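Architecture and fold: a report
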Amino acid sequence: MSDSYKIVLDEKELPKAWYNVLPDLPEPLAPPLNPQTGQPVSPDDLKPIFPDELIMQEVSQDRWIEIPSEVLDIYKLWRPTPLIRARRLEKALGTPARMYYKNEGVSPPGSHKPNTAVAQAYYNKKAGVNKLTTETGAGQWGSALSFACSLFDMHCTVYMVKVSYNQKPYRRILMHIWGGEVYPSPTDRTNAGRAILEKNPDSMGSLGIAISEAVEDAATHEDTNYALGSVLNHVLLHQTVIGLETKRQLELVEDKADVIVGCVGGGSNFGGMILPFVKDKIDGKHDIDIIAIEPKSCPTLTKGLYQYDYGDTAGMTPLMLMYTLGHTFEPPGIHAGGLRYHGDAPILCNLVKNGVVSPKAYTQNPVFEAAVLFARTEGIVPAPETSHALRGWIDEALKCKETGEEKAIVCCFSGHGHFDLAAYDDYLEGRLEDYEYPEDKIAEALKDLPKFPTGL
Ligand SMILES: *Cc1c(COP(=O)(O)O)cnc(C)c1O
């Protein structure tokens, strides 16, 4: 076994194709349903908001999809990303485990999100579309898409959840630097936004509301398409560069993952990391624990129902079969804004349902405790979202300390937290609340679930 800290790949070793898990899932993915007819969505239904190539990727049964050279050229600005053996953290914990983290925080916007933002901007540009709309929670996705659009000389409109717009001015400024146009959602620019404001003029917004606004904007403007930063099959597909590189990096140091841990908001960084490993697990070739971490305040995988539900609050998007807390659920304002979504990627939910992935939830304080320990040993200040993964990763290493097992535990480090310092201030000053599972609010939102059958 190698004694390296940083396991780096040469630019020439960038994956040349994304891995598509659809033909390899334990059970076929249930189709998304048209919200008006309740029938499976046809590619034509998606044409007003997505370009053909992304619609094809959404349903493709090809195991490998070539990465266009224009996208590879941009990936080279920061990829391949390093896999790092966290030796100082191992020592601080006194664990016999080998702890690795894949650092996606080295991209220009600071997270894994440009892996798909660049691909989506590229396919839209190629289809002759020069304007994209999107939503953003904490601002990570909005900044990634603004960055990608600037590289392709495209226009980007971002509906940013109001609570984050007020709390996180630096991400908004970052979007402005890359030429993005940013509005605090709910806005009075769309029917969906106006309807929310009428009911509650003080609404602080939610990701579901912002999605409704961005989709409506794209659907009602001929020259404009929509881009989603997580959840959809093509997004997880683009993120598989993370897991493909990690596999190769572990081979280089002659190691093999026993456990993989990641955080889940919609499931894209986690999916990107784990999907290249799941086929071997499903085929019984690689015994590996795969653990998805989410916040206790928005416990989609651990407390949600496996049901068809809308992707947005207004009920405009197709219905997807997924674990959901109900599309009207507005989670408490925790600092991990990127983990406050009511649903999760259908691919990931399929894997949880079939026992390939095990979910686990934490409250904020133990999460920030892990983040600070990480910053004090490995040096990097993690995003609050990423810190959820770190908590799960550290707890797995502490288990090894008890049992003496020398496992290799891999964590997807989804992004840095340089724009989240106010959250750290709250933690260090003892101002963070440990929201437990908001049972009443979830029960109320689950009453609004549309009545469609589970698993057609
Ligand atoms: C957006 C984001 C997440 C959550 O989104 P996923 O689609 O679940 O990956 C996690 N970490 C960071 C740093 C993010 O920006």
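Please refer to the structure higher up on the page.
Numbering of residues starts from 1 in each chain and follows the order in which that chain's sequence is written. The predicted origin of the model limits local features to residues at a pLDDT of at least 70 and limits the giving and counting of side-chain atom pairs to 80 or more, whereas totals for whole chains, interfaces and linings rest on all residues. Side-chain numbers here rest on the full set of heavy atoms in the structure, without hydrogens or water.

1. Some thoughts on the overall build of the protein chain
Helices and strands together make up the secondary structure of the protein chain, namely 19 helices and 15 strands. C-alpha extents for the protein chain along the principal axes are approximately 55 × 50 × 45 Å. Evaluated residue by residue, the protein chain yields a buried proportion of 62% over its 456 residues. Counting only contacts in the protein chain whose residues sit at least 6 apart along the sequence, the fraction spanning at least 24 positions is 77%. Here the protein chain displays about 17400 Å² of accessible surface, and carbon together with sulfur accounts for 50% of that area. When charges are tallied, Lys and Arg are placed among the positive residues and Asp and Glu among the negative ones, while His and the ends of the chain are skipped. A charged residue contributes its charge at one atom only: NZ of Lys, CZ of Arg, CG of Asp or CD of Glu. Positive and negative side-chain charges of the protein chain, numbering 44 and 61 respectively, have mean locations separated by a distance of 4 Å. Segments assigned H or I by DSSP are reported as helices when at least four residues long, segments assigned E as strands when at least two residues long, and all are numbered from the N terminus. Exposed residues in this analysis have more than 50% of their type's maximum accessible area, buried residues have under 20%, and partly exposed residues fall in between, with area computed by a 1.4 Å probe over protein chains only. Any two residues whose heavy atoms approach within 4.5 Å are treated as being in contact. In this description, accessible areas are obtained by the Shrake-Rupley approach with a 1.4 Å probe, and a residue is regarded as covered only by the protein chains that are shown.

2. What to know about the side chain of glutamate 135
Residue placement: glutamate 135 occurs in strand E6 (residues 131-136). In what follows, salt bridge is the name for a side-chain nitrogen of Lys or Arg lying within 4 Å of a carboxyl oxygen of Asp or Glu. For the buried glutamate 135, no salt bridge exists, and the shortest N-O distance to an oppositely charged side chain is 9.3 Å, to lysine 113. Side-chain polar atoms of glutamate 135 contact the side chain of tyrosine 226, separated by 2.7 Å. For glutamate 135, the contacting residues outside a window of four places in its chain are Trp141, Val158, Tyr159, Leu207, Ala210, Ile211, Ala214, Tyr226, Ala227, Leu228 and Gly229. Two N or O atoms form a polar contact when they lie within 3.5 Å of each other; inside protein one atom must be a possible hydrogen donor and the other a possible acceptor, and for residues adjacent in sequence the pair counts only when both atoms belong to side chains.

3. Remarks on a nonpolar patch on the surface
A cluster of nonpolar side chains, namely Tyr170, Ile173 and Ile177, defines an oily patch on the protein surface of about 340 Å² accessible area. For tyrosine 170, the location among the structural elements is in helix H8 (residues 169-177). On the basis of relative accessibility, which here comes to 55%, the residue tyrosine 170 falls in the exposed class. Two joining distances apply to patches: 9 Å for like charges and 5 Å for nonpolar side chains (Val, Leu, Ile, Met, Phe, Trp, Tyr), and every residue must have over 30% relative accessible area and no salt bridge.

4. A short note on the site of the ligand
Think of it this way: one heavy atom of a residue within 4 Å of a molecule or strand is enough to make that residue near it. Every one of the 19 residues lining the ligand counts as a neighbour, but Lys113, Ser230, Gly265, Ser268 and Ser414 are closest to it. Note that an oxygen atom of the ligand is positioned 3.0 Å from one of the side-chain N or O atoms of histidine 112. At a separation of 2.5 Å, an oxygen atom of the ligand approaches a polar side-chain atom of serine 230. Burial of the ligand by the protein amounts to 97% of the accessible area it has alone, namely 380 Å². Here the ligand is seated within the largest cavity. Contributing elements (two or more residues each) for the shell around the ligand: helix H13 (268-282) and helix H17 (384-403). Residues are grouped as follows: Ala, Val, Leu, Ile, Met, Phe, Trp, Tyr, Cys and Pro are nonpolar; Asp, Glu, Lys and Arg are charged; all remaining types, including Gly, are polar. Grouping the amino acids of the shell around the ligand by side-chain chemistry returns four nonpolar, 13 polar and two charged. The pocket and cavity definitions rest on a 1 Å grid over protein atoms only: a 1.4 Å probe that fits but cannot leave marks a cavity, an open set with protein on both sides within 12 Å along at least five of seven lines marks a pocket, and residues lining either have an atom within 4 Å of a point. More than half of a molecule's atoms lying within 2 Å of a cavity's or pocket's grid points is what places that molecule inside it.

5. Overview of the layout of surface pockets
Grid points are joined across faces, edges and corners, and a volume is the space filled by probe spheres set on the points. Estimated volume of the largest pocket: approximately 880 Å³. As for the largest pocket, its lining consists of 37 residues, and the residues nearest its centre are Pro32, Val41, Leu46, Leu232 and Pro318. For the lining of the largest pocket, the secondary-structure elements that each account for two or more residues are helix H1 (43-46), helix H2 (52-59), helix H10 (207-219) and strand E13 (319-324). Counted as a void, the second largest pocket has a volume near 250 Å³. Contributing to the lining of the second largest pocket are Ala192, Ala195, Ile196, Lys199, Asn200, Ser203, Ile209, Ser212, Thr313, Ala314, Thr328 and Glu330.

6. Side note on the environment of glutamate 402
Within the fold, glutamate 402 resides in helix H17. Linking glutamate 402 and proline 96, residues 306 residues apart in sequence, is a C-alpha distance of 9.5 Å.

7. Here we look at the sheet that holds strand E15 (residues 408-413)
One key point about sheets: their strands pair by backbone hydrogen bonds, in either a parallel or an antiparallel sense. An order of E1-E4-E5-E15-E10-E11-E14 is seen for the seven strands of this open sheet, with the pairing classed as mixed. What marks the edges here is a single partner per strand, and that holds for strand E1 (6-7) and strand E14 (358-362). Strand pairing requires that DSSP identify at least two bridges connecting the strands. Sheet topology note: the strand E4 (residues 83-85)/strand E5 (residues 98-103) ladder contains three bridges and is antiparallel. Considered in E5, the bridge of isoleucine 84 is made with tyrosine 101. Axes, fitted as lines to C-alpha atoms, cover a helix only where it is in contact. Angles between the N-to-C directions of the axes lie from 0 to 180 degrees. Packing against the sheet, H17 makes contact with E5, strand E10 (259-263), strand E11 (289-295), E14 and E15, and its axis sits at approximately 170° to E15.

8. As for empty space enclosed by the protein
With the rule as written, the count across this model stands at seven cavities of 30 Å³ or more. Estimates place the volume of the largest cavity at around 380 Å³. Those elements that place two or more of their residues in the lining of the largest cavity are E6, helix H6 (140-151), H10, H13 and H17. Of the residues in the lining of the largest cavity, the class split is ten nonpolar, 18 polar and three charged.

9. What to know about the environment of arginine 79
The residue arginine 79 is located in the loop between helix H3 (69-75) and E4 in this model. Classification of arginine 79 by relative accessible area gives buried; the value is 3%. Within polar-contact distance, the side chain of arginine 79 engages the side chain of glutamate 245 at 2.9 Å.

10. A short note on a negative patch on the surface
On the surface, Glu439, Asp440, Glu444 and Asp448 cluster together to form a negatively charged patch. By the element assignment, glutamate 439 lies in helix H19 (residues 439-446).

11. A few points about helix H9 (residues 191-199)
Buried within H9 we find Ala192, Gly193 and Ile196. Considered in projection along H9, the buried side chains sweep an arc of 100° and stay on one side of the axis. Within H9, the exposed residues directed more than 90 degrees away from the buried face are Asn191 and Glu198. The elements touched by buried residues of H9 are H10. It is the directions from the helix axis to the C-beta atoms whose arc is reported.

12. Considerations on unusual backbone geometry
Where the residue is not glycine, phi is negative for most of them; where a peptide bond is considered, it is trans in most cases. Cis geometry is adopted by the peptide bond preceding proline 80, which originates at arginine 79 and carries an omega value of -10°. Turning to its location among the elements, proline 80 is positioned in the loop between H3 and E4. Residues serine 185 and proline 186 are joined by a peptide bond in cis, for which omega reads 5°. Following the sequence through the fold, proline 186 ends up in the loop between strand E8 (181-185) and H9. The phi angle at aspartate 153 is positive, at roughly 60°, despite the residue not being glycine. Counting through the fold element by element, aspartate 153 comes out in the loop between H6 and strand E7 (155-161). Overall, the relative accessible area of 66% leaves aspartate 153 in the exposed class.

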